[in-house]
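What follows is each chain in one-letter form.
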Amino acid sequence: GGYADWERKRTAPKADPKKTARAADLTKAQRAPSKLSYKDQRDYDLLPGRIAEIEAAIVRNEAALSDATLYARDPAGFETLTKAIDTARAEKEAAEERWLLLAEAVDALG
């Protein structure tokens, strides 16, 4: 903004702070959904089961890794299991984060 912008702001009518506050409150109320979207509700319902499945897969793969001779017998299988565990942990963390966000949204909706 240059001089013209400054002059336009200087001569512009002043806004009533009460009216702008009410307008801001209205827009917040309009933006707040009254319920979760279909996708969000479905995720909220299904994610706990999915998290349990991922945890079971992690436990199963860690049990397979506990075999002391696995690496000597099958280095590729060892590496595959290790990568699967890392991937599952990342997926579990993402699922837990998503579920927590949805749980907070459900709480906010009342």
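Caption draft 1: Just the overall build of the protein chain, in detail. Broken down by element type, the protein chain carries 5 helices and 0 strands. Of the regular secondary structure in the protein chain, the N- to C-terminal order runs α-α-α-α-α. Taking the contacts inside the protein chain whose residues are at least 6 apart along the sequence as the reference set, 71% of them involve residues at least 24 apart. Accessible surface, the protein chain as shown: approximately 8800 Å² in total, 58% of it carbon and sulfur.

Caption draft 2: Broad picture of the environment of Leu-47. In this fold, Leu-47 is placed in helix H3 (residues 38-65). Its relative accessible area of 12% is what places Leu-47 among the buried residues. Considered as a pair, Leu-47 and Glu-96 are 49 residues apart in the sequence and their alpha carbons are 7.8 Å apart.

Caption draft 3: Structural context of the side chain of Asn-61. Looking at the secondary structure, you find Asn-61 in helix H3. Its relative accessible area of 17% is what places Asn-61 among the buried residues. Aside from chain neighbours lying at most four places away, what touches Asn-61 is Leu-81, Ala-84 and Ile-85.

Caption draft 4: Representation of helix H5 (residues 75-109). Taking 1.5 Å per residue as the helical rise, H5 with its 35 residues ought to reach 51 Å, and the 51 Å between its terminal C-alpha atoms agrees with that figure. For H5, every residue scored as buried is listed here: Gly-77, Leu-81, Ile-85, Ala-88, Ala-95, Leu-102 and Ala-103. Its buried side turned inward, H5 meets H3 and helix H4 (70-73).

Caption draft 5: Looking closely at the confidence of the model for the protein chain. Here the protein chain averages 86 in pLDDT, and 79% of its residues register 70 or above. Of all secondary-structure elements in the protein chain, the lowest mean pLDDT belongs to helix H2 (residues 17-31), at 59, while H3 reaches the highest, 96.

Caption draft 6: Region of the structure containing H3. Here H3 contains 28 residues, and its C-alpha end-to-end distance of 40 Å stays within 8% of the 40 Å for a straight helix at 1.5 Å per residue. Its maximal kink placed at Leu-46, H3 deviates by approximately 40°, while the proline Pro-48 follows within four residues. Of all the positions in H3, only Leu-47, Ile-51, Ile-54, Ala-57, Ile-58 and Asn-61 are classed as buried. If you follow the buried residues of H3, they end up packed against H5.

Caption draft 7: Layout of the environment of Ala-64. As for its placement among the helices and strands, Ala-64 is situated in helix H3. The spatial distance from the C-alpha of Ala-64 to the C-alpha of Phe-78 is 8.8 Å, given a sequence separation of 14 residues. Each residue touching Ala-64, except ones within four places of it in the same chain, is listed here: Leu-70 and Leu-81.

How each quantity is defined
Residues numbered from 1 in each chain as written. Predicted model: local features only at pLDDT ≥ 70, side-chain atom pairs only at ≥ 80, totals over all residues. Heavy atoms only, no water. Helix = DSSP H or I, 4+ residues; strand = E, 2+ residues; numbered from the N terminus. Contact = heavy atoms within 4.5 Å. Areas by Shrake-Rupley, 256 points an atom, 1.4 Å probe, with all protein chains shown as cover. Buried < 20%, exposed > 50% of the residue type's maximum accessible area, 1.4 Å probe, protein only. Expected span 1.5 Å × (residues − 1). pLDDT = per-residue confidence, 0-100. Bend = angle between axes of the 7 residues up to and from the residue.

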